[in-house]
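Geometric and topological summary
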Amino acid sequence: MIFDNYEAFAAKGFAPKVIIIGSGPAGVTIARKLAAANIPVAIFEAGAADYTDESQDFYKGTTVGDPYFELDVTRLRQFGGCSNHWAGWCRVMDAVDFEPKAWVPDTGWPIRRSDIEPFLEEVHDILDLVPFRDDELVSDDIRWVQLIKSPAVRFSEKYRDEIAASQSIALVLDTYVTELQGDGKKVTGAKIWSAGKEQGVATADYYLPCTGGLENSRLLLWSNERSNGGVVPHAEALGKYWMEHPQFEGGNAIMENENQFEMDEVSEAFFSPTGEAMEREQILNFGIRFIKMPYHGVKWLTAELACVAPETAEWISSGLGGNLRCAAQLVVGWEQSPRADNFVALSATERDDLGIPRIELHWKKRELEHRTLLNGLRLFGETLADKGYGRVRIADWVVNNEPYPTDQELAGHHHMGGTRMGDDLAKSVVDLHQKVHGMDNLYVGGSSVFTTSGQCNPTTTIVALSCRLGDHLARRITQSAMLDKG
């Protein structure tokens, strides 16, 4: 069932067992899992079926620290959420990403990759993916890895008809949950604004914010402030440990054999470090996107190298002669360390049209991030040279530790952390089942629960975690109902 606003939904008399807030990949995936178990669920989506400037205005905010995207540009407030501008890149976080890193404080999830692997076949169906291939070692330090580009599933398109026909899912558009109410042990209701006015309080047995890696923190911070700690009783880490994937062009490569590595259909290949290399170099995970350049790019890069790297130019002359083979851009996206001083806060001065504080995002890259970029490119360059495959030229700004360029990608539009998963109540917000510490009926879905960011695009892992959460919650609700009967 799909309703244009809360009034239409209320008139239907549908009684949800679960209220999900947000209709992006996490919210829709969890709702479908619950519906499959015949559990009635309502999805409250603050936006409309399609993009509107009026709705998007609620996402405005400010960033303190490093240059970043405008906050109302980097996410979408509409049915399907950010899947509507997702590029489709898919990869599951590496097993090593879930493990603690002794050289990086506050790493290590309370789960392991093996906990989400049982759901990957389901994820393939949801995101229209073929199975992933295993990584292939290029050297002891570098792996060839596979990123698959899904047809960029738009959840609002793929699942619209299914939701419309469902008798267990009610998608309610134009329904803004302005705050959750709670007594310190459970959420007691969700305040609703829809169709231009307050609509009272919606109730259910369970509540799941799935509003994204920025808005989950905003909603819970505001709700906690309004309820005097009644929604997140252990709130020391709330909003903190926010992460992105810095993403910049870090250099170029010249290859002797243009077919040395398997390329995808758009002449790109992807590489990451081994766990042993990360530990030895004391760096984070990273991904190098090897983008083949046309022939004139090879000539340009050779001329550049002749001026700044004569030894490499000599290798080109002696090894390749006039038969220049392949050059590539090296775009690097990498893991950011989880730090409490990167965080989402409520603005003290700026509010949206309903008087709710806007986001003030505090975000900065630190020395470890730069070291990961520089040493990662060096590891890749050493691998190519040792194997006789080619040579790498690292950009001057990387080598000289100059400021990050402001005319490049900046980051991946990947919002992670803020309601992170963990066992330590002082450094996490949810437990291994994504339930808020100390609350009986409040769970959180999406990338805000990520403990660390890994290096790969997060959507595949988001959907896997959502399948796991939906499965867990369906079992809990079913078992509770059986106990009540028996």
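Above this text is the structure in question.
Presented here is a report on the structure given in the accompanying data block. (Residues numbered from 1 in each chain as written. Predicted model: local features only at pLDDT ≥ 70, side-chain atom pairs only at ≥ 80, totals over all residues. Heavy atoms only, no water.)

As for helix α7 (residues 215–226)
The periodicity of an α-helix, 3.6 residues per turn, causes residues three or four positions apart to be oriented the same way. Across its twelve residues, α7 extends 16 Å between first and last C-alpha, which sits within 8% of the 16 Å expected from 1.5 Å per residue. Burial analysis of α7 places ten of its twelve residues in the buried class, which makes it a mostly covered element. Elements in contact with the buried residues of α7: β2 (18–21), β10 (175–182), β13 (206–209), β18 (343–351) and β19 (357–363). Backbone geometry just after α7 places N228 at a positive phi near 55 degrees. (Helix = DSSP H or I, 4+ residues; strand = E, 2+ residues; numbered from the N terminus. Expected span 1.5 Å × (residues − 1). Buried < 20%, exposed > 50% of the residue type's maximum accessible area, 1.4 Å probe, protein only. Contact = heavy atoms within 4.5 Å.)

Some details on the sheet that holds β18
If you trace the three strands from one edge of the open sheet to the other, you get β4-β19-β18, paired in mixed fashion. If you trace the sheet from one side to the other, it starts and ends with β4 (61–65) and β18, each paired once. If you compare each strand with its neighbour and ignore which way they point, the axes differ by 30 degrees on average. Here five bridges tie β18 to β19, and the two strands are oriented antiparallel to one another. In the strand pairing of β19, A345 is matched with E360. Contacts from α7 reach β18 and β19 within the one sheet, and its direction differs from that of β18 by about 65 degrees. (Pairing = 2+ DSSP bridges. Axes fitted to C-alpha atoms, helices over the stretch in contact; angles between N-to-C directions.)

Examining the nonpolar core
Core analysis: the largest hydrophobic core is formed by 91 residues, its most contacted members being V18, I20, F44 and L180. With nine residues, helix α13 (residues 459–485) is the single largest residue contributor to this core. What F44 contacts, discounting residues up to four positions off in sequence, is Y6, F9, I19, I20, I21, G22, V172, T175, V177, I192 and A202. Core analysis: the next-biggest nonpolar cluster, separate from the first, contains 44 residues, F69, I142, M278 and I283 among them. (Core = buried A, V, L, I, M, F, W, Y, C linked by side-chain atoms within 4.5 Å.)

What to know about helix α2 (residues 25–36)
In this model α2 runs 17 Å from its N-terminal to its C-terminal C-alpha over twelve residues, within 8% of the 16 Å that 1.5 Å per residue would give. Summarising burial for α2: ten of the twelve residues are buried, a large majority. Taken residue by residue, α2 has P25, A26, G27, V28, T29, I30, A31, K33, L34 and A35 as its buried positions. Looking one or two residues past α2, N38 carries a phi angle of roughly 60 degrees, positive in sign.

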